Amino acid sequence: MKPEIRKSLSAIGLAFLLAGCTEVDMEKYVDDLYDRMSQEERIAQLRSGYMDELFDEEGNLDQDKCRELIPYGIGHFSQYASQKPMDPNVLRDRVAAVQDWLMNNTPNGIPALYHEEVLTGVNTRGATIYPQQIGQACSFNQELAELKTYQTGVAMRKMGGILSLSPMVDVCRVPSFNRLEESYGEDAYLSAVLGTAFARGLQQGDLRKGVGTCSKHYLGYGGGGDTDEKEMLEEILLPHETMIRLTGSKVVMPGYHAVHGTNCVENSYILQEILRDYVGFDGMVVSDYTAIDQIPGLETPVQKAAAAINAGNDVDFPTGSNYRHLQEAIDQGLVSQETFERAVKNVLRHKFRSGLFDSEPYLYSNEHIVLDTPEERQTAYDIATQSVVLLENNGILPLKEPARILVTGPNANSMWAMCGDYSYPAMAYFWKHETEDLDHPHIVGLLEGMKGRRQEGTEILYSRGCDWTEEIETKYSEIGDERAWEYALLHRKVDSGEIADKEEALNMAKESDVIIAAVGENVMLCGENRDRQGLRLPGKQEDFVEELIATGKPVVLVVFGGRAQVISGLAERCAAVIQAWYPGEEGGNAVADILYGNVSPSAKLSVSYPAVEVYEPLCYNYSSEQDHRVQWPFGYGLSYTSFEYSGLKMNPSASTSDRYVELSFNVKNTGSVASDEIVQIYISPAEEGQLIRPIQLQGFARVPLAPGETRTVNARINTEQFGYYTNDGVRQWNISPGRFEVKVGASSADIRLNGFVTLEGMHESKPLREYYFSEVTVK
């Protein structure tokens, strides 16, 4: 930035530009800057654009384009790293060129916020592709969740990224929801723990060096938008609330959906009453891409811009096509100056917090950038091994002896078994129609993993056998991002590049000792704007598996995809069943290591796995009895060993004013294989009329155990976790005296130990919870 521009930004002086400034300092700085800005500059801060539009065909910054498109600066650049396949150093250089232009050629020299998706790693060519979130949730491992996003944030900040549009922390309770894969599943507590870990890792505790998080899709996307306020604020809000209050997450994105009949982006009830007035959020609200365009009942961009900004939405993504008309809305009296000022200052505050106004802002790194380091690949592998859920096993697994193994099915030799939505290959394929040269970084498929990890003497046969689908099954619907409302974009199927010869596969099956059938979905059958008819296996995959079973050889069914697929009636006749989700770039190695027994499976389901097709909210905590529509319950997963729980000790009573209740218990590995056990702590009411769920997860821990080893788990459950929300004219959190049951289990339906605690004393209430998560340690 020009020295004279930097000096003119504030009479307060450069002291306020240094790290460690107080909120008062920030407000003075932002007020001063806002007063110096023209109205055109202010409106520009509420808009976004695509960086590539500023460069010519040779990759040089086009000065004329800059003067045409961003003469007054710009607030943001949309999905800057995923628009074109690009070396990270070239990408960084482009960011540097634009930031330099903004700082030296616009009236107040304000840098832009570059944002990108980072759900499974940075959404750019060559960056590490970690397992999809629904699988990672099954690991119940917040430490790995934080490590993953720390690595992601370091890489993204080097490339000039300052803000992520992640994570999705929707509590998704509709099993058929096409975007369930982006979530942490159906449970609010698990989603909050992992979403908070995501934010801690990415932000690094300092937005000046980390990457800002954005909790989305606020509020109730995926099955919670029409719940009553009690469930909404106790559970659906919880992951957003903990990200905001425990990690300082400063960006929220409203969903495309409606809450109680009003689209989220124009819904002042959720954006103002709940988010700002109740939770105390003081950050920036950004629209989902084209969400403002989709506001119903309004004809003009002026009206839509007014509706969104008046409700509390600050920024118009992806290009500001509605907010560019804000001056007209102000002139017509549709938007007040106070409302407009609020939105602009929220953007400026985020830039301040991110260090963009520091005397030496960290806008990008000058070092040579290398993506997908060995450390990052190792993290991807570790998460994948802990994400794969063993659902059934008649003893066939692990594959102990050398054998002839047939690997078959549409997902046996495909990158699309590994990559979920919002990974770079998936985004490039869907949005850009790119089909070639997508293997960056290298994605290990199941066949490659089975060959690479096999023991001496094992023979691997392969035939694809069947395709995902014979016909196009992707449903066209006008939901989600409006840019995808194109028939040609959705009316296509993935070409595997291989011939699916069923007879060849069946002949190989007859000559094999065991069959690994890799089935499920792909990038066109599940994801944002993509869905299909039904939840059973797509196409003729189920018929193919039936024919494999008919050979009499044991079939190990490995299901890939972004949600639970109904396999009842089929799973019972397979020798083993594995739910692998989308396990990322190391997924092939991870699944192979589990099949061969190099790693014991340890993951537990983050959803209730349906036995029938369900198109309405379904959650384990709706009842203390298992729903008959569920085949495998929340928290369920098998291991290659067995575990014994014993010795529960717990305070029999505590005061409602106490901080926590203490308990401990032992877990022993009673088998012959080293493995982790995920222990789960649930709370249930023990008296009639208590205003809490019939059963609710309130703590968990991974316990690594060698054969024969016993370890002790110690837990402190906050008394606030026995509480509930009310709104009798005042929104508040309550802790009432009463008797409660504490359950320790291997799943929500497999309770191994239980005890009772009585909370005594007076009814306690407070505006918000202070202590959200149990403290669980393993000795």
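Conventions we followed
Residues numbered from 1 in each chain as written. Predicted model: local features only at pLDDT ≥ 70, side-chain atom pairs only at ≥ 80, totals over all residues. Heavy atoms only, no water. 1 Å grid on protein atoms, 1.4 Å probe; cavity = no way out; pocket = protein on both sides within 12 Å on 5 of 7 lines; lining within 4 Å. Points joined across faces, edges and corners; volume = space filled by probe spheres on them. Helix = DSSP H or I, 4+ residues; strand = E, 2+ residues; numbered from the N terminus. Nonpolar A, V, L, I, M, F, W, Y, C, P; charged D, E, K, R; others polar. pLDDT = per-residue confidence, 0-100. Contact = heavy atoms within 4.5 Å. Buried < 20%, exposed > 50% of the residue type's maximum accessible area, 1.4 Å probe, protein only. Axes fitted to C-alpha atoms, helices over the stretch in contact; angles between N-to-C directions. Left-handed = near helix turned anticlockwise from the far one by under 90°. Parallel < 35°, antiparallel > 145°, perpendicular 65-115°, else oblique. Salt bridge = Lys/Arg side-chain N within 4 Å of Asp/Glu carboxyl O. Pairing = 2+ DSSP bridges.

*Asks:* Mind showing me how you'd approach empty space enclosed by the protein here?
*Replies:* Over the atoms, a rolled probe matching the size of one water molecule traces out where space is still vacant. Summed over all chains, the structure comprises nine cavities of 30 Å³ or more. The calculated volume of the largest cavity comes to roughly 280 Å³. Gln696, Gln698, Gln721, Trp733 and Arg769 are, among the 20 residues lining the largest cavity, the residues nearest its centre. Counting only elements with at least two residues in the lining of the largest cavity, the list comes to α8 (188-203), α9 (229-236) and β22 (696-705). Residue composition of the lining of the largest cavity, grouped by class: eleven nonpolar, four polar and five charged. Counted as a void, the second largest cavity has a volume near 90 Å³. Lining the second largest cavity we find 15 residues, and of these Gln79, Glu117, Asp288, Tyr422 and Glu528 sit closest to its centre.

*Asks:* I tried to follow the confidence of the model for the chain on my own but got confused; where do I start?
*Replies:* Interpretation of the predicted coordinates at a detailed level should be avoided for regions scoring low in pLDDT. For the chain, the average pLDDT comes to 95, and 97% of its residues sit at 70 or higher. The model gives residues 1-19 a pLDDT under 50, and that stretch makes 51 contacts with residues more than four places away or in other chains.

*Asks:* For this particular structure, what's the right way to read helix α16 (residues 424-432)?
*Replies:* In an α-helix, one turn spans 3.6 residues, which is why side chains three or four residues apart end up on the same side. Counting buried positions along α16 yields seven of nine residues, so the element is predominantly enclosed. Along α16, the positions that sit buried rather than exposed are Tyr424, Pro425, Ala426, Met427, Ala428, Tyr429 and Phe430. On its buried face, α16 is in contact with α18 (487-490). Positive backbone phi, at 60°, marks His433, one or two positions downstream of α16.

*Asks:* What am I meant to see in the packing of helix α7 (residues 142-158) against α8 here?
*Replies:* The packing of two helices is summarised by the inter-axis angle and the distance between the axes. One way to put it is that α7 packs onto α8 with a least axis distance of 7 Å and a crossing angle of 35°. When you trace α7 past α8, the crossing you get is right-handed. Contacts between α7 and α8 involve Gln142, Ala145, Glu146, Lys148, Thr149, Tyr150, Thr152 and Gly153 from the former and Val193, Leu194, Ala197, Phe198, Arg200, Gly201 and Leu202 from the latter. Taken together, the residues that form the contact of α7 with α8 break down as seven nonpolar, five polar and three charged.

*Asks:* Even after reading the chapter, I still don't get the packing of helix α19 (residues 502-510) against helix α20 (residues 541-550), so can you show me in this structure?
*Replies:* The geometry of α19 relative to α20 is characterised by a closest axis approach of 9 Å and an angle of 30° between their N-to-C directions. Considering the angle they form, α19 stands roughly parallel to α20. Helix-helix and strand crossings are classified by hand; for α19 and α20 the assignment is right-handed. The segment α19 lies against α20, with Lys502, Ala505, Leu506 and Ala509 engaging Phe544, Glu547 and Leu548.

*Asks:* I'm lost on the pattern of salt bridges in this one. Help?
*Replies:* Between side chains of opposite charge, a pair can form when the charged atoms approach closely. Per the counting criterion, the structure on display carries 50 salt bridges. A salt bridge links Asp627 to Arg629; its shortest N-O distance comes to 2.8 Å. We classify Asp627 as partly exposed; its relative accessible area is 25%. The partner of Asp676 in a salt bridge is Arg702, and the shortest N-O contact between them spans 3.0 Å. Linking Asp676 in strand β21 (residues 675-685) with Arg702 in strand β22, this pair joins segments that are 26 residues apart in sequence. As far as the burial class goes, Asp676 and Arg702 line up, both buried. Within the structure, one salt-bridge network assembled from shared partners comprises Glu23, Lys250, Asp282 and Arg353.

*Asks:* Can you help me understand the sheet that holds strand β4 (residues 163-164) in this one?
*Replies:* Pairing within the open sheet is parallel, and its four strands lie in the order β1-β2-β3-β4. The strands lining the two open edges of the sheet, one partner per strand, are β1 (48-49) and β4. One ladder, built from two bridges, connects strand β2 (residues 76-77) with strand β3 (residues 113-116); its direction is parallel. Pairing of Phe77 across the sheet is with Tyr114, part of β3.

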